There are 2 protein chains.
Amino acid sequence: MAQLLRGTPRADGYRMPGEFEPHAQTWMLWPQRPDNWRLGAKPAQRAWVAVATAIARFEPVTVGVNHDQFENARNMLPPEVRVVELSSNDAWMRDCGPTFVVDDKGGVRLVHWGFNAWGGSYDGLYFPWDKDQMVPAKVAELERVERYRAPLIMEGGSFHVDGEGTVLTTEECLLSPGRNPDLTREQIEGHLRDYLSVEKVVWLAKGIDPEETNGHVDDVACFIAPGVVLAGVTDDRDDWRYDLLQDNLRRLRQTTDARGRRLEVHTVPMPAIMTITEEEAWGIDSAEGSIPRRPGDTTAASYLNFLICNGGIVMPSFGDPYDDPARAKLEELFPGREVVAVPGREIVLGGGNVHCITQQQPLG
Amino acid sequence: MAQLLRGTPRADGYRMPGEFEPHAQTWMLWPQRPDNWRLGAKPAQRAWVAVATAIARFEPVTVGVNHDQFENARNMLPPEVRVVELSSNDAWMRDCGPTFVVDDKGGVRLVHWGFNAWGGSYDGLYFPWDKDQMVPAKVAELERVERYRAPLIMEGGSFHVDGEGTVLTTEECLLSPGRNPDLTREQIEGHLRDYLSVEKVVWLAKGIDPEETNGHVDDVACFIAPGVVLAGVTDDRDDWRYDLLQDNLRRLRQTTDARGRRLEVHTVPMPAIMTITEEEAWGIDSAEGSIPRRPGDTTAASYLNFLICNGGIVMPSFGDPYDDPARAKLEELFPGREVVAVPGREIVLGGGNVHCITQQQPLG
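A brief look at the structure comes next. Position labels on residues start from 1 in each chain and follow its written sequence. Just so you know, chain letters begin at A and ligand numbers begin at 1, following the order they were written in. Thresholds applied to this predicted model are a pLDDT of at least 70 for local features of residues and 80 or more for the giving and counting of side-chain atom pairs; totals over whole chains, interfaces and linings are not thresholded and use all residues.

Notes on the interface of chain A and chain B
When the parts of a complex come together, some accessible area is lost, and that lost area is often used as the size of the interface. Residues are defined as contacting one another if the C-beta atoms placed from their backbone atoms lie within 7 Å. Each partner contributes to the interface: chain A provides 19 residues, whereas chain B provides 19 residues. Each helix corresponds to a stretch of at least 4 residues labelled H or I by DSSP, and each strand to a stretch of at least 2 residues labelled E; elements are numbered beginning at the N terminus. Among the elements of the structure, helix H3 (70-76), strand E4 (82-85) and helix H6 (135-143) of chain A are those that each provide at least two residues to the side of chain A that touches chain B. Ranked by residue count, the leading element in the side of chain A that touches chain B is E4 of chain A, at four residues. Side-chain classes are defined by residue name, with Ala, Val, Leu, Ile, Met, Phe, Trp, Tyr, Cys and Pro counting as nonpolar, Asp, Glu, Lys and Arg as charged, and the others, Gly among them, as polar. Looking at the side of chain A that touches chain B, its residues break down into nine nonpolar, three polar and seven charged.

Written as structure tokens, this is what we have:
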């Protein structure tokens, strides 16, 4: 398992499955840094427990934790959740974690992308990210799977695949100057083809958090099945997100996927723009090199940031009037899955949500 | 797996198998502390690689490592060895690690003993031992096995079992004032019965390292099969170890085991007393709270400190005239196993040897 593979998943017959395909388990990391999570990260940890507990209703969950929080995480999480020591700088398993690929003959491997905390010294969110960038190598050892090292800085939240040759991403993120400034759009597409085994890249323009993840797609659109996507929209033309979400919708409706299909496009409302309150901002440490969290700062709250599990959907709720309509929409779109809503506000205060803090490991 | 079990292995029908029974794998920890290992622990790490490589010829090996040495350990160890993040204060998996128990119906659990660095504030070897004492809890999670917490401070190197109801240990260690001063000999025997599932405790008096482990049995005697023991001896009556080894021999020859058998007792010579040289002592950091390693200090070199693997024996050699006779003795006593000798000097400079740095996980 320790072997670093030469070659690429594509050349070896491995592909990234859609999130809606069967999982072996879901991975998470435990939050603790006091300069991103208020009140010593205790409210965030309580939110993480709710997410892990919800996912564990549907499939096994492993939570990675730094040594100094091992005992606390173990005692806070329910016994059915596995807790392993796995150091990280923060808790975004989707973004610093591995992307698993399968060969549809029982084989599972993983792709280890470069990670630089969403923009490195250009516009990254904290420094250093030394522990984060080793997470996929450690997961490979823990699971005894072989590992590809991709020559590309990219986070798991910046793309979605349909498992049948199509990847959905944003120009804002993948072409951002803080990621791979020396690679052309065509070279980046080439790496996506090689490491995800896709044929077609569907480019949206923007996401809703330019200053954080530089517009990860997992806040604005996702595949819910091959050929079927769900996109976020708002009816309010004065909402700064209106135009970009409409542009995404237009692009999705005009494109075809790798199989030549027109996409079936569904929409879900966005919650109202949510800003950090005075009460939520005061208990966060101030630290050089970490993005500040100030009263009035906009969060990236979105219902799109859910995780598809085996027989379930775990979605964030925000105490917003659209909570129920969004949930109803997911129940309609995923008739075979139980939709569980967990409180998402404490998570989005730190920059993401359920999808950002999880990473599915597909069944081999 | 996270469940802390009430009850005891004995009550639940679990027993500790003999080391000679089949293993699922062997666990190790990676050495790095510069106040115990000379030259930044690099010579020790090279020795560990030799041990792990030798064991991996016979069975799977997992090496636990602190985050800051993860990359180096991964790159130094051969690819067939699994490397996982598992923080420790030093690298003695036998002593701070778990004791696995089985129910002979496929079930595997583990016992988590108390650990206080061989004597705590009374005569422990370093401070703190906070990471060491959590190792068994983390192994339980990694392997998804349930865990018993034993109300006893005890290291894995201080006892050997035959898997059929008998445990071999020393009074010097188990009755030492730095371990369980509030427990009587009878209470300690009771815990051994409950947590190892044994009926009979065979007490030797002393080991050969009073100042380090307080006389661990794994330097002076072991079971090689039910009813059969191997004990260390020296012919030199001027050797300070002569009397205590003779006393052990006498006790072994006079006792019976849990099944009422007289023990079949074999002997193996001890290597000459080995002291730390000037060259070996200068590159060790000086640190308050850690036992110093000075030129002229006596080591606990012993051929008894070998590991029995699936089809193999990994034993230390010392460049001593008795290396070959000791190896020949093990080959004679273990006819079905290949005996592999690895250089043991760098390991014994830090206080133990092959057996001390390994912990077998039996097959369920």
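Considering the relation of the copies chain A and chain B
At an RMSD of 0.0 Å, chain A and chain B line up after a rotation of 180° and a shift of 0.0 Å along the axis. One copy is carried onto the other by what is essentially a two-fold rotation axis. Closest approach to the rotation axis within chain A is made by the C-alpha atom of Glu85 of chain A, at a distance of 3.1 Å. A symmetric contact is evident, with 100% of the interface residues of chain A recurring at the interface of chain B. The copies are overlaid by a least-squares fit using only the C-alpha atoms of residues whose pLDDT is at least 70 in both copies.

Concerning the sheet that holds strand E15 (residues 312-317) of chain A
All names here are of chain A. Paired strands are those between which DSSP finds at least two bridges. Spatially, E14-E15-E16 is the arrangement adopted by the three strands of the open sheet, whose pairing is mixed. Pairing within the sheet leaves two strands with one partner each, and these edge strands are strand E14 (307-309) and strand E16 (338-343). Looking at each pair of strands side by side, their axes are set apart by 25° on average, direction ignored. Sheet topology places E14 next to E15; three bridges connect them, and they run antiparallel. Note that in E15 the partner of Ile308 across the bridge is Ile313. Helix axes use the C-alpha atoms of the stretch in contact, all axes being lines fitted to C-alpha atoms, and the angles between their N-to-C directions lie in the range 0 to 180 degrees. Taken strand by strand, helix H11 (residues 323-333) contacts E15 and E16, and its axis lies near 150° from that of E16.

A short note on the pairing of strand E16 (residues 338-343) of chain B
All names here are of chain B. Sheet topology note: the strand E15 (residues 312-317)/E16 ladder contains six bridges and is parallel. Note that in E16 the partner of Ile313 across the bridge is Val339. As for the winding sense of the linkage, the β-α-β connection from E15 through helix H11 (residues 323-333) to E16 is right-handed. Every crossover in which the path from the first strand over the helix to the second runs clockwise, viewed with the strands pointing away from the viewer, is termed right-handed.

Quick word on helix H8 (residues 185-196) of chain B
All names here are of chain B. Between its first and last C-alpha atoms H8 spans 16 Å; for 12 residues at 1.5 Å apiece the expected length is 16 Å, and the two agree. Contact partners of the buried residues in H8: helix H1 (9-12), strand E6 (108-114), strand E7 (146-153), strand E8 (159-161), strand E9 (166-170) and strand E10 (200-204). Of the residues trailing H8, Ser197 is marked for its positive phi of about 60°. In a helix, the anticipated span is given by 1.5 Å times the number of residues less one.

Points about the sheet that holds E7 of chain B
Residues and elements named next belong to chain B. Reading across from one edge, E1-E7-E6-E5 is the order of the four strands in this open sheet, with mixed pairing throughout. At either margin of the open sheet sits one strand with a lone partner, and together these are strand E1 (4-5) and strand E5 (99-102). With five bridges joining them, E6 and E7 adopt parallel strand pairing. Pairing of Gly114 across the sheet is with Ile153, part of E7. Contacts from helix H6 (residues 135-143) reach E6 and E7, with the element oriented near 165° to E6. Here H8 sits on the sheet and contacts E6 and E7; the angle it forms with E7, its principal contact strand, is near 170°.

Considerations on the environment of Leu333 of chain A
Residue and element names in this part refer to chain A. Within the fold, Leu333 resides in helix H11. Through-space distance from the C-alpha of Leu333 to that of His266 is 8.6 Å; in sequence the pair is 67 residues apart. Excluding residues within four positions of it along the chain, Leu333 makes contact with Ile224, Leu230 and His266.

Some words on the pairing of strand E6 (residues 108-114) of chain A
Residues and elements named next belong to chain A. The buried fraction of E6 amounts to five of the seven residues, a majority that puts the element mostly inside the structure. Pairing of strand E5 (residues 99-102) with E6, which is carried by four bridges, proceeds in the antiparallel orientation. Bridging from a neighbouring strand, Thr99 pairs with Val111 of E6. Linkage of E5 to E6, two consecutive antiparallel strands, is achieved through a turn of five residues, within which Asp104 is found at a positive phi near 60°. Our exposure labels follow a C-beta count within 10 Å of each residue's own C-beta, placed from the backbone: buried means 20 or more other C-beta atoms, exposed means 12 or fewer, and partly exposed covers the counts in between.

Some remarks on the environment of Ile273 of chain B
All names here are of chain B. Along the polypeptide, Ile273 turns up in the loop between strand E13 (264-269) and helix H10 (278-281). The exposure class assigned to Ile273 is partly exposed, which follows from the 15 C-beta atoms found within 10 Å. Between the C-alpha atom of Ile273 and that of Asp218, which follows or precedes it by 55 residues, the distance is 17 Å. When residues no more than four places from it in sequence are discounted, the contact partners of Ile273 are Asp239 and Thr298.

Considering the nonpolar core
Throughout this description, the term nonpolar core refers to a group of buried Ala, Val, Leu, Ile, Met, Phe, Trp, Tyr and Cys residues whose C-beta atoms join them within 7 Å. The biggest cluster of nonpolar side chains holds 200 residues, and the ones touching the most others in it are Val63, Ala221 and Val314 of chain A together with Ala221 and Val314 of chain B. In contact with Ala221 of chain A, not counting residues within four places along its chain, are Leu168, Leu204, Val229, Leu230, Ala231, Gly232, Asn248, Leu252 and Leu304 of chain A.

Structural notes on helix H9 (residues 242-254) of chain A
Residues and elements named next belong to chain A. The end-to-end C-alpha distance of H9 is 18 Å, a good match for the 18 Å that 13 residues give at a rise of 1.5 Å each. Among the residues of H9, Leu244, Leu245, Asn248 and Leu252 are the ones counted as buried. Down the axis of H9, the buried set is contained in an arc of 100°. They therefore lie on one face. In this structure, the buried side of H9 is in contact with strand E10 (200-204), strand E11 (221-225), strand E12 (228-233) and strand E13 (264-269). The directions from the helix axis to the C-beta atoms are what the arc is built from.

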